[in-house]
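Summary of structural features
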Amino acid sequence: NESDNTDNEGEEEASGGESDAEQTERRPHWMRQCACLLSKMRKHRDAKPFNRPVDIEGLGLTDYLEVLQAEKCQPIDFETIEKHLNDGEYRKDRQFV
């Protein structure tokens, strides 16, 4: 359909006409390794609860963030980690870990 073509054209322009494979290949080796590891972790049979952010309101977890703060933890999930990795927010592999 026409709108699908328009969307794809915009993506090609934004990436300089590179395919996803070409963009991936340009990434540093450590970043490709982290992406591969993350992909495997997301597919693990026990990963489902960790694949997306916790739906605090939907699950009625009113004290969720307070509990995390008390334990000096920050909420994190594989989807968010993947976004940070793809957006270049991790500068070194240690930040990913």
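For the structure, check the block above.
So, here is what we can say about the structure in this document.

Focus on the nonpolar core
Membership of the largest hydrophobic core is limited to 10 residues, which are Trp-30, Met-31, Cys-34, Leu-38, Ala-47, Phe-78, Ile-81, Leu-85, Tyr-90 and Phe-96. Looking at this core, the elements that each hand over two or more residues are helix H3 (29–43) and helix H5 (78–86). With four residues, H3 is the single largest residue contributor to this core. Those residues within four positions of Met-31 in sequence are excluded, and the remaining contacts are Leu-85 and Tyr-90.

With respect to unusual backbone geometry
Phi is mostly negative for residues that are not glycine, and the peptide bonds are mostly trans. Here the phi dihedral of Lys-72 falls at roughly 55°; this positive angle occurs in a residue that is not glycine. Along the chain, Lys-72 turns up in the loop between helix H4 (64–70) and H5.

Regarding H5
Within H5, burial applies to Phe-78, Ile-81 and Leu-85. Here the buried residues of H5 occupy an arc of 60° about the axis, which is enough to place them on one side. In the core, the buried residues of H5 are packed alongside H3 and helix H6 (93–96). Where H5 begins, the capping side chain belongs to Asp-77, and its oxygen is found 3.0 Å from the backbone nitrogen of Glu-79. One or two residues past the end of H5 sits Gly-88, with phi positive at roughly 75°.

Some details on the packing of H3 against H5
Between H3 and H5, whose axes approach to 11 Å, the crossing angle comes to 165°. As judged from the angle between their axes, H3 and H5 are roughly antiparallel. In the packing of H3 onto H5, the handedness of the crossing is left-handed. Contacts between H3 and H5 involve Trp-30, Met-31, Cys-34, Ala-35, Leu-38, Met-41 and Arg-42 on the former and, on the latter, Phe-78, Glu-79, Ile-81, Glu-82 and Leu-85. Looking at the contact of H3 with H5 residue by residue, the class counts come to nine nonpolar, no polar and three charged.

Quick word on the pattern of salt bridges
Taken as a whole, this structure holds four salt bridges when the rule is applied. Measuring nitrogen to oxygen at the nearest pair gives 2.6 Å for the salt bridge that ties Glu-82 to Arg-42. In this pair, Glu-82 sits in helix H5 while Arg-42 sits in helix H3, placing the two residues 40 residues apart along the sequence. For Glu-82, a relative accessible area of 32% corresponds to the partly exposed category. Residue Arg-42 is classed as partly exposed on the basis of its relative accessible area of 24%. Here Arg-45 ties to Asp-46 by a salt bridge, and the two come within 3.9 Å at their closest N and O atoms.

Thresholds, definitions, all that
Residues numbered from 1 in each chain as written. Predicted model: local features only at pLDDT ≥ 70, side-chain atom pairs only at ≥ 80, totals over all residues. Heavy atoms only, no water. Core = buried A, V, L, I, M, F, W, Y, C linked by side-chain atoms within 4.5 Å. Buried < 20%, exposed > 50% of the residue type's maximum accessible area, 1.4 Å probe, protein only. Helix = DSSP H or I, 4+ residues; strand = E, 2+ residues; numbered from the N terminus. Contact = heavy atoms within 4.5 Å. Arc of directions from axis to C-beta. Polar contact = N/O pair within 3.5 Å; in protein donor to acceptor, adjacent residues only side chain to side chain. Axes fitted to C-alpha atoms, helices over the stretch in contact; angles between N-to-C directions. Parallel < 35°, antiparallel > 145°, perpendicular 65-115°, else oblique. Left-handed = near helix turned anticlockwise from the far one by under 90°. Nonpolar A, V, L, I, M, F, W, Y, C, P; charged D, E, K, R; others polar. Salt bridge = Lys/Arg side-chain N within 4 Å of Asp/Glu carboxyl O.

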